[in-house]
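Next come the chains, spelled out residue by residue.
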Amino acid sequence: MAAAGPQDLTPAPVEYSLTGGISKCGLDQAIVLKSQGFLKEIESLPQWKQNEAYRITVERFSVLIEAASDEGVFRARQTLRQLQLLGGDVPCCIIMDYPRFRHRGLMIDESRTFKGLDFLKKQMDAMALLKLNVLHLHLVDADGWRIESEAYPLLTSKTAWRIGRTHPEWKAAGFRYSSQDNPKAYGGFYSAAQLREIVAYAADRYITVIPEIEMPGHSTEVGFAYPEVLCVSSNGHPFTGSWDVCPGSEATFEFLETILSEVMDIFPGPFIHIGGDEAIMNAWPKCVNCRQRMKEEGIHDYRQLQGYLVRRIDEFVRSHGRRIIGWDEILETGVPEDAVVQSWRGIEGGLKASKAGHDVVLSPNRFCYLDHYQDYYRKEPKARSPLISLRICYSFDPVASGMVEEHVLGLQGNLWCEHIPTPEHAEYMIYPRLFAVAETGWSREKSYESFRPRAEKLCEVLRGLGYNTFDLQGESSLGRSGRRD
Ligand code: ACM
Ligand code: ZN
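Residues numbered from 1 in each chain as written. Chains lettered and ligands numbered in written order. Predicted model: local features only at pLDDT ≥ 70, side-chain atom pairs only at ≥ 80, totals over all residues. Heavy atoms only, no water.

A. Here's a closer look at the packing of aromatic side chains. On inspection of all chains with the given rule, the structure shows 23 aromatic pairs. With 5.8 Å between their ring centres and 85° between their planes, W161 and F189 make a pair best called edge-to-face. Taken together, the residues span a long stretch of sequence, with W161 in strand β10 (residues 161-163) and F189 in the loop between β12 (185-187) and α7 (192-204) at a distance of 28 residues. Since its relative accessible area comes to 27%, F189 is described here as partly exposed. Three or more aromatic residues joined by ring pairs make a cluster, and in this case those are W145, Y152, Y226 and F255. The lysine or arginine in question, K122, covers the ring of Y467, its NZ or CZ lying 4.8 Å from the ring centre. Of note, R484 hangs over the ring of F367, and the distance from its end group to the ring centre comes to 5.3 Å. (Phe/Tyr/Trp six-rings, centres within 6.5 Å; stacked < 30°, edge-to-face > 60°. Helix = DSSP H or I, 4+ residues; strand = E, 2+ residues; numbered from the N terminus. Buried < 20%, exposed > 50% of the residue type's maximum accessible area, 1.4 Å probe, protein only. Lys NZ or Arg CZ within 6 Å of the ring centre and 35° of its normal.)

B. Summary view of the side chain of H103. For H103, the location among the structural elements is in strand β6 (residues 103-109). For H103, the contacting residues outside a window of four places in its chain are N133, V134, I210, V361, L409, G410, L411 and Q412. (Contact = heavy atoms within 4.5 Å.)

C. Here's a closer look at the coordination of the zinc ion (ligand 2). Within the protein, C231 (SG), C246 (SG), C287 (SG) and C290 (SG) serve as the donor atoms for the zinc ion (ligand 2), at 2.2 to 2.3 Å. Around the zinc ion (ligand 2), the 4 donor atoms sit at angles spanning 107 to 113°, and that spread fits a shape best called tetrahedral. All donors of the zinc ion (ligand 2) belong to a single chain; written as a sequence motif, their spacing is C-x14-C-x40-C-x2-C. Remark: C290 occurs in helix α10 (residues 288-297) and C231 occurs in the loop between α8 (220-225) and α9 (250-266); sequence separation between them is 59 residues. The class for C290 is buried, based on a relative accessible area of 0%. (Donors = N, O, S within 2.8 Å, 3.2 Å for Na, K, Ca; no water. Tetrahedral: all angles 85-135°; square planar, octahedral: opposite > 155°, others 65-115°.)

D. Local environment of the sheet that holds strand β5 (residues 91-97). Here we have 5 strands laid out as an open sheet, ordered β1-β5-β3-β4-β2, and mixed in their pairing. Looking at the sheet topology across the chains shown, the edges are occupied by β1 (15-22) and β2 (31-33). Direction aside, the axes of adjacent strands within the sheet are offset by 15° on average. (Pairing = 2+ DSSP bridges. Axes fitted to C-alpha atoms, helices over the stretch in contact; angles between N-to-C directions.)

E. Representation of the pairing of β5 within the structure. Among the 7 residues in β5, 6 count as buried, and that is most of the element. As judged from the 5 bridges shared by β1 and β5, these two strands associate in the antiparallel manner. For L18, the partnering residue across the bridge sits in β5 and is C93. Bridging between strand β3 (residues 54-58) and β5 involves 5 bridges; their strand directions are antiparallel. Along β5, the bridge assignment pairs Y54 with D97.

F. Broad picture of the pairing of β3. Counting buried positions along β3 gives 5 out of 5 residues, so the element sits mostly inside the fold. Burial of the side chains of β3 extends over both faces: Y54, I56 and V58 are buried on one face and R55 and T57 on the other. Strand direction decides the pairing type here: β3 and strand β4 (residues 63-67), joined by 5 bridges, are antiparallel. Counted as the bridge partner of R55 is E66 from β4. Linking β3 to β4, which pair antiparallel, is a turn of 4 residues.

G. Fine view of the packing of helix α4 (residues 117-129) against helix α14 (residues 423-430). Remark: α4 packs on α14, axes separated minimally by 11 Å, with the N-to-C direction vectors making an angle of 20°. What the angle tells us is that α4 and α14 run roughly parallel. Note that α4 runs across α14; the crossing there is right-handed. Across the interface between the two elements, F119, K122 and Q123 of α4 pack against P423, A426, E427 and I430 of α14. (Parallel < 35°, antiparallel > 145°, perpendicular 65-115°, else oblique. Left-handed = near helix turned anticlockwise from the far one by under 90°.)

H. Summary view of the pattern of salt bridges. Enumeration over the complete set of coordinates arrives at 35 salt bridges. Linking E41 and R55 is a salt bridge whose minimum nitrogen-to-oxygen distance equals 2.9 Å. Of this pair, E41 sits in helix α1 (residues 36-41) while R55 sits in strand β3, and the two are 14 residues apart along the sequence. With a closest N to O distance of 3.0 Å, D109 and R112 form a salt bridge. Residue D109 shares its accessibility class with R112, and that shared class is buried. (Salt bridge = Lys/Arg side-chain N within 4 Å of Asp/Glu carboxyl O.)

I. Looking closely at the state of the cysteines. A full pass over the atoms with the stated rule returns 0 disulfides. A disulfide-free cysteine, C393 has its sulfur positioned 5.7 Å from the sulfur of C368, the nearest such atom. Residue C393 is classed as buried on the basis of its relative accessible area, which comes to 3%. Looking at C417, it has no disulfide partner, and the nearest cysteine sulfur is the one in C393, 16 Å off. (Disulfide = S-S within 2.5 Å.)

J. Quick look at the side chain of T156. Within the element layout of this structure, T156 appears in helix α5 (residues 154-159). Among the polar contacts listed, one links the side chain of T156 to the backbone oxygen of P153, at a separation of 3.2 Å. Contacts of T156, omitting those with residues within four sequence positions, involve W145, I147, E148, W161 and F189. (Polar contact = N/O pair within 3.5 Å; in protein donor to acceptor, adjacent residues only side chain to side chain.)

The quantities given are spatial measurements derived from coordinates; they are silent on function.
The structure is reproduced here in structure tokens:
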């Protein structure tokens, strides 16, 4: 049988050499060693790289893993697992490996369609195989609140179900929420116990889960369940013509801080994502509570109320020993010192933030948005434009053109789900483009010519494991070309 060696791995390892001959030793019999020699060799690397670094020595009758930490051993075992899955004999070799970036992630939108525990576990298995280490969960949005809250139970009882399976169907039905017992209801949510199970499953794979609680925009469902977080109309009633919460009302902060406390109790990781994108701000100039807040705080432009909200939430989150991440709109109203900016409207947010000394995560929507078409639109199910083929996704360089490298934590692929009705379809959009994200995040040197056949093989491997991947072999000439149209 053909040999599968280090040259077939994705992400590509930093360094390898073939030492001659074929191993007769089962890869699952690897011996683990935290050797002084290896520690000496990696001592010039930053600590976070040392933690993930490993060396594998495959000989005829032995396989040896050297690492500085259990995390490094885990990464090494994933390399061996991938070699096994690729099949065939394994050549004797030495692989020396460590990551380029510390944040290598996938975002999954659970609000637009709810995919459930088994789906997330399955994706984490693939993430581990690809040496990805961040799962960002977009858990709440207008389309449905997806996490149990003890303090605010109406969030799930009133908005975790809706009429319409997809976002367009929900739109056609007039954006109506429903109760679970409605025969036409679509939805679901994670119990606190399930969320803890996700966190534990992730931790076993050295994956950090970043929960996202959207504010102040994308919050229609919150205002529907708890109208006290809404702005006040001129007639004194809650203003329902916006998806923003009211940054003038104390009820909003009581709500957000209580929810964030519940979230931080479940998710132990260092980051809490607070959204921050696409606030409409249409109610704020007229709302009595917002006007009062502006007066008290000396704010002259109502848009700066977003900055007030972000600063206050940042202080709250920091007082619990965590850091906030926000979409790049938070740059427009002053970013708290320790906050991380996630650049999505291109890389401009990342450039500006990194130059101002903020850490950044890059997920520019023309390279890293996995809900976009991955091939010629006429042969694909409905998706977003422009085209992001595998080649285009792979071509992204997080530190190109003026980015301050020391502030680049890494990158993410983002799977928004307005046009993604089922878990199977979600996998179709994720793979193989997530391979490209993984290689950009891990590998020091990239070459599409080397990557492409590896991606084809890995698609076969994942299909054998029951994943529904895009058919890379059937990719059109447009997709292959790297052009957008
Ligand atoms: C986003 O895509 N609205 C962050
Ligand atoms: Zn208001």
